[in-house]
Amino acid sequence: MVKRSYKPFFRKLSYLFPAILFIVLLLNIVLPDRSFSEKENRVLASRPALSVDQILSGQAETKYETYVNDQFVLRDLWVTLKADFDILLGKTESNGVYLGKSGYLLESFTPPADKRLTATLDAITSFAQSHTGIHQYMLLAPNAVNILKSHLPFSAPQVNQDQYIDRVKDTVSSAGVTFIDVRDTLRNHMDEQLYYKTDHHWTTQAAYYAYLAASDPLELNTAQVSYEKLPASVSFQGTLSAKSGFRSSAKDELDVFLPKSDVAPEFVVNYVEERKKVGSYYAADRLKTRDKYAMFFDGNHAQIKITTPSAEGGNLLILKDSYANCLIPFLAPHYRNIVMIDPRYYYGNLEDLIAAEDIREILYIYNANTFFADTSLELTLVPQ
Amino acid sequence: MVFSSIFFIFYFLPVFMLLYYLVPGRVKDIVLVLGSMVFYAWGEPVYLVLMLFSAVFNYYMGLELDRIEDPSPRKRNLVFTIVINLLILGFFKYYGFLLDSAGSLFGISIPHPELALPIGISFYTFKNLSYIFDIYKGKIAAQRNLLTFGVYSTMFPHMAAGPIVRYADIEEQLRSRTVNLSKMGIGVEIFIKGLAKKVILADNLALIYNQILATDGRISVLTAWLGIFAYTMQIYFDFSGYSDMAIGLGKMLGFDFQKNFDYPYTSGSVSEFWRRWHISLGSWFRDYVYIPLGGNRAGTARHIRNILIVWALTGLWHGASWNFVLWGVYYGLLLLLEKYVLSRFLGAAPALVQRLYTFLLVMIGWVFFSIPSFGSIAHYLGSMFGVSASGFLDRSFLYYLRSGIILFIISILACQPNLQIRFRRLMRTRPWAAILIDILLFVIAVAYLVSSSYHSFLYQQF
Amino acid sequence: MKERTAVLKRSTQKEKRTSSRAKGSGGSFRVTPSLVIKILLVAILAAYLAALYISDYAKDVSMDQITSSMEASTGIAEMQKRGRGDLRRFYSIEEDETLGYLFYKAVSPMSVDECLIVKAANSAGADSLYERVNAHLDSQKNVFGGYGTDQMALLGNASVGKKGNYVYYFCGAGSDSVRDAFFSLI
């Protein structure tokens, strides 16, 4: 081996490294700031306003560092590189999301604190007992991590969601609430796409199966309408890819089920807080944004009322989270009036609402992960 | 500011270095002190006053100790200097700890405001004290130029997290040092390696250990060992990575700091481990506490006492909490055991056995270090030795092993000298290939820094 | 007398510079420049530490005063004033745990704009309130996470903390100026 010196190496590095730093510094100064990152689904930090107080307390510096990070040149590329390198290192979990098989991202299930769950179940029980005249139903949708267990990464530690769902089922059933168990139905259709690969929601297809399963206890005549499946978007990038950084360029298809009928049904969707009435369940302009799932009922709202010309059913109150949004279009034709309440955002008085709307039936629609983490349902049902 | 942040690397560093290289001779010192003040003030400006006070105070007391000849006033001034320095450290670092400990002893709770710990206070206090001690012992003369002393005392590379550079070691360089591009290249190389150790290895290893630590209920024996192994590697790459970055930055500025870590996990005994781990701290305690106490020269009983004092203090230096004391005393006992009992057997054992023995004891030590509460320490140790474990092997062990195996292999390779020796050969034979590797490491590290809102350095609390 | 001879003795051994300055530090209690400098240094340190120690405390201002001043000087009155029912609902804080509170929240449930100042009777009370205020921030992030990106940005910039026995939660576009206004009062 020829004896050579280190000098060429250090020489080259001593030019190259400062050059890189200066080029990046210049680019960072010259290139314009972005306000939103589609890839990360979040608002990027903007240049903080500086005040002496803030500088002295150190907050301005922290904000400035976040700003510099968020506005770094080619940020998306760096974020992708990091995620790819993570996968190369063998990482299969990030921020509570598993990188599953067949491209599925699965949100992990965090078991609820016993006290928390008991408080919610107590509230549902006492509400049921004080409203015996109103039929009550609960549809608790299992999450992908439950139905698609087999898609989890190799031996990923997971707590069984079913045992908690069973506990809810037992408790509410004995309180007189009819529990609509859709787990078997969904498992029977496991080979179809029941959950988005990049989002934590279930697909419209899964909601349709859940609707079929619910039609029996709810006594709905499903033969009344038949549906055809149409893709509303093929470029849906869900929240899980944003949350985890995995599969950040993967896209899902988002479908709507439209009734096969010549006559367009006449109904009114009334966004109560926003004082807006429209004639559709779908907000097509949401398809232009990152959060395409928000096309169902324009995303989350505290209170939405649906009025249909149906002669079949009565007045239904739905206490729900976002899983309900793609299911409710199937239910709507069966009821004259539906009031959708999202307890996370609804601060009104439920008793007054029930009396004013002459509610005859109540349906809870939640997905298990949200239900077990929820603190607001208890407060809505039993105001303290 | 921390080195492993986008702001430091892509804003502070290029602007500062440009100024530093452009200005001539002594003006560099002014730029360096001002730059260090910006670095230090960034994020916690109120504590800049404290850091500057410490510098000015010790500068003045250094002059005093140099001037005074009489032994007894000299000693009084030394004690005064030590008391003030330790008072500052104690006020910020140990005050809450002392109140809480006293409170729990008497079963009461004493409310007190919680002051944030000034960055690097343990490091700069010890650095300044070493200067004072060395003057007192007549090893060095006091620095008369406040600016030159300011460079030593406030210089940003070793300000936040060491190494604890001795004045005697860089006295010459403070007077005159070579600042040139090839030294810059050497510095860049060390800096990138340090950054990669910290950001790519340590931070990712931390995720694995934290996940295992956060498991509700029991874990299996193998999971517990895997977790503490991940932490063992994490803390090494974290701390030595930060030291490397400091040494690299020092080189870029024209300073040569001594190495702070010398492949400690290849040690054949616990005492060797401590000669290779955080060298500047170990030698500080040796020179300024252990030897003044009498070292091992005053009989076995005194030696045992001295060792235990030094190691309890070493533990306490790492954090104001009893688990650190426990960790320190654990090492004190191990060193005594090694000296008086084990050395005979250990010397005769094959090298592999020696290394395995050391590594296992060090891993167990990190349990004390990484978990604050005694109950949780006992629980974790119980899991490692099967007492409170859920079993020997379980699915989660396989999961963590599978998701960490690549990191573990890289870690094992990178904590031994071989990899670096090969890389150094590559630097000579194929400089471009070596540069490509360095740039690649840098790019990956930057990707992590950009992606996370920056990670704070683990050792900053000390 | 003894002192003087000692000094004299030394000055013969030592060069001039040292002897002239060494007088005072030779164990006397006489005021010398070096003693003054040392006392000054200690005084500076003591003043600095005391200032830091006190900075964590807050002036004792009544909630009424804070309320009227905040309502006048900041834009919080654009939100809706909330009472003890909402305090319980959003923060699980009972009115009688506090020495008064100021609570404004946007009318729309989809808005995260909020301003809360609560005063506790003592520091343990403040700690406990602070915990619940933080829990509220977490729960807000949980509600809007992955869904409301604008809300998440505001929540990320929310200013939540404890000063003396006051605990505050400011969220919204002007949260920093609201906090600055509050800090100038206490």
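Residues numbered from 1 in each chain as written. Chains lettered and ligands numbered in written order. Predicted model: local features only at pLDDT ≥ 70, side-chain atom pairs only at ≥ 80, totals over all residues.

1. Quick notes on the overall build of chain B
Line of reasoning, step 1. Along the backbone of chain B there are 18 helices and 0 strands.
Line of reasoning, step 2. Over its C-alpha trace chain B gives a radius of gyration of 23 Å, about what one expects of a compact globule, namely 23 Å for 462 residues.
Line of reasoning, step 3. Expressed as lengths along the three principal axes of its C-alpha atoms, the size of chain B is roughly 65 × 60 × 50 Å.
Line of reasoning, step 4. Out of the 462 residues in chain B, the part that is buried amounts to 47%. (Helix = DSSP H or I, 4+ residues; strand = E, 2+ residues; numbered from the N terminus. Rg over C-alpha atoms; globule rule 2.2 N^0.38 Å. Buried ≥ 20, exposed ≤ 12 C-beta atoms within 10 Å, placed from the backbone.)

2. Let's talk about the interface of chain B and chain A
Interfaces are often sized by the accessible area lost when the parts come together.
Line of reasoning, step 1. Between chain B and chain A, the residue contacts involve 46 residues of the former and 43 residues of the latter.
Line of reasoning, step 2. At the level of secondary structure, the elements contributing two or more residues to the side of chain B that touches chain A comprise helix 1 (6-22), helix 8 (181-213), helix 16 (395-414), helix 17 (417-429) and helix 18 (431-451) of chain B.
Line of reasoning, step 3. For the side of chain B that touches chain A, the residue count by class is 29 nonpolar, 11 polar and 6 charged. (Contact = placed C-beta atoms within 7 Å. Nonpolar A, V, L, I, M, F, W, Y, C, P; charged D, E, K, R; others polar.)

3. Side note on the nonpolar core
Line of reasoning, step 1. Of all hydrophobic cores here, the largest spans 209 residues; its most connected members are Leu-139, Ile-318, Leu-327 and Ile-338 of chain A together with Ala-445 of chain B.
Line of reasoning, step 2. Membership of the second largest hydrophobic core comes to 31 residues, among which are Leu-102, Ala-126, Phe-144 and Leu-155 of chain C. (Core = buried A, V, L, I, M, F, W, Y, C linked by C-beta atoms within 7 Å.)

4. Here's the deal with the sheet that holds strand 11 (residues 276-278) of chain A
Residues and elements named next belong to chain A.
Line of reasoning, step 1. The 8 strands are arranged 7-6-15-13-14-12-10-11 in an open sheet whose pairing can be described as mixed. The sheet terminates laterally at strand 7 (178-180) and strand 11, the two strands that pair on one side only. Put simply, the sheet's adjacent strands are angled 20° from each other on average, direction ignored. (Pairing = 2+ DSSP bridges. Axes fitted to C-alpha atoms, helices over the stretch in contact; angles between N-to-C directions.)

5. Some points on helix 2 (residues 27-41) of chain B
Each α-helix turn comprises 3.6 residues. Residues three or four places apart therefore point the same way.
Residues and elements named next belong to chain B.
Line of reasoning, step 1. Under the 1.5 Å per step criterion, the end-to-end length of helix 2 is 21 Å for 15 residues, consistent within 8% with the ideal 21 Å.
Line of reasoning, step 2. Within helix 2, burial applies to Leu-32, Val-33, Gly-35, Ser-36, Phe-39, Tyr-40 and Ala-41.
Line of reasoning, step 3. On the buried face of helix 2, the contacting elements are helix 1, helix 3 (46-67), helix 6 (146-154) and helix 9 (221-253).
Line of reasoning, step 4. Remark: Gly-43 follows helix 2 within two positions and exhibits a positive phi of approximately 100°. (Expected span 1.5 Å × (residues − 1).)

6. So, the packing of helix 8 of chain B against helix 16 of chain B
All names here are of chain B.
Line of reasoning, step 1. At a minimum axis separation of 11 Å, helix 8 and helix 16 run at an interaxial angle of 140°. By the criterion of interaxial angle, the relationship of helix 8 to helix 16 is oblique. For the element pair helix 8 and helix 16, the recorded crossing hand is left-handed. Here helix 8 contributes Leu-201, Asn-204, Leu-205, Ile-208 and Ile-212 to the contact with helix 16, which in turn contributes Tyr-400, Gly-404, Leu-407, Ile-410, Ser-411 and Ala-414.
Line of reasoning, step 2. Tallied by class, the residues present in the contact of helix 8 with helix 16 amount to 8 nonpolar, 3 polar and no charged. (Parallel < 35°, antiparallel > 145°, perpendicular 65-115°, else oblique. Left-handed = near helix turned anticlockwise from the far one by under 90°.)

7. Considerations on the interface of chain C and chain A
Line of reasoning, step 1. Between chain C and chain A, the residue contacts involve 16 residues of the former and 20 residues of the latter.
Line of reasoning, step 2. At the level of elements, helix 5 (84-91), helix 6 (123-144), helix 7 (149-156) and helix 8 (175-185) of chain C are the ones that each hand at least two residues to the side of chain C that touches chain A.
Line of reasoning, step 3. Its residues assigned to classes, the side of chain C that touches chain A shows 6 nonpolar, 5 polar and 5 charged.

8. Observations concerning the domain arrangement of chain B
Residues and elements named next belong to chain B.
Line of reasoning, step 1. Here the domain parsing of chain B yields domain 1 (6-176) and domain 2 (183-461).
Line of reasoning, step 2. For domain 1 versus domain 2, the separation of C-alpha centres amounts to 26 Å.
Line of reasoning, step 3. Looking at the side of domain 1 that touches domain 2, the elements that each hand over two or more residues are helix 1, helix 4 (71-106), helix 5 (121-136) and helix 7 (167-175).
Line of reasoning, step 4. With 5 residues, helix 5 is the single largest residue contributor to the side of domain 1 that touches domain 2.
Line of reasoning, step 5. Class assignment for the residues of the side of domain 1 that touches domain 2 results in 18 nonpolar, 6 polar and 2 charged. (Domains from an automatic or database assignment.)

9. Section: the domain arrangement of chain A
Residues and elements named next belong to chain A.
Line of reasoning, step 1. On domain assignment, one finds that chain A holds domain 1 (1-71) and domain 2 (103-381).
Line of reasoning, step 2. Once you take the C-alpha centre of each, domain 1 and domain 2 turn out to be 44 Å apart.
Line of reasoning, step 3. Counting from both sides, the interface comprises 4 residues of domain 1 and, opposite them, 4 residues of domain 2.
Line of reasoning, step 4. Residue composition of the side of domain 1 that touches domain 2, by class: no nonpolar, 1 polar and 3 charged.

10. Let's talk about unusual backbone geometry
Line of reasoning, step 1. The phi torsion at Ser-102 of chain A lies on the positive side, around 50°, for a residue other than glycine.
Line of reasoning, step 2. Among the secondary structure elements, Ser-102 of chain A is positioned in the loop between strand 4 (97-99) and strand 5 (105-107).

11. Regarding helix 6 of chain B
Line of reasoning, step 1. For helix 6 of chain B, the full list of buried residues reads Phe-149, Gly-150, Val-151, Tyr-152, Ser-153 and Thr-154 of chain B.
Line of reasoning, step 2. Residues of helix 6 of chain B that are buried make contact with helix 2, helix 3, helix 5 and helix 7 of chain B.

12. Describing the sheet that holds strand 5 of chain A
Residues and elements named next belong to chain A.
Line of reasoning, step 1. Strand order across the open sheet formed by 3 strands is 3-4-5, with antiparallel pairing between neighbours. Among the strands making up the open sheet, the edge pair consists of strand 3 (93-94) and strand 5.
Line of reasoning, step 2. For strand 3 and strand 4, the ladder comprises 2 bridges, and the chain directions are antiparallel. Across the sheet, residue Ser-94 finds its bridge partner in strand 4, namely Val-97.

13. A look at the packing of helix 1 (residues 7-30) of chain A against helix 18 of chain B
Line of reasoning, step 1. As a packed pair, helix 1 of chain A and helix 18 of chain B sit with axes 9 Å apart at the nearest point and diverge in direction by 40°. Compared by their axis directions, helix 1 of chain A and helix 18 of chain B come out oblique. The chirality of how helix 1 of chain A crosses helix 18 of chain B is right-handed. Residues Pro-8, Phe-9, Lys-12, Leu-13 and Leu-16 of chain A of helix 1 of chain A pack against Pro-431, Ala-434, Ile-435 and Asp-438 of chain B of helix 18 of chain B.

14. Structural notes on the confidence of the model for chain B
Residue and element names in this part refer to chain B.
Line of reasoning, step 1. For chain B, the average pLDDT comes to 90, and 97% of its residues sit at 70 or higher.
Line of reasoning, step 2. This model gives residues 454-462 a pLDDT under 50, and the stretch forms 26 contacts once residues within four places in sequence are excluded.
Line of reasoning, step 3. Predicted as a complex, the structure gets a pTM of 0.86 and an ipTM equal to 0.87. (pLDDT = per-residue confidence, 0-100.)

15. With respect to the environment of Arg-355 of chain B
All names here are of chain B.
Line of reasoning, step 1. Within the secondary structure layout, Arg-355 lies in helix 14 (residues 351-370).
Line of reasoning, step 2. Sequence spacing of Arg-355 and Ile-291 is 64 residues, and the spatial spacing of their C-alpha atoms is 28 Å.
Line of reasoning, step 3. Sequence-distant contacts of Arg-355, that is, excluding residues within four places in its chain, are made with Thr-266 and Gly-268.

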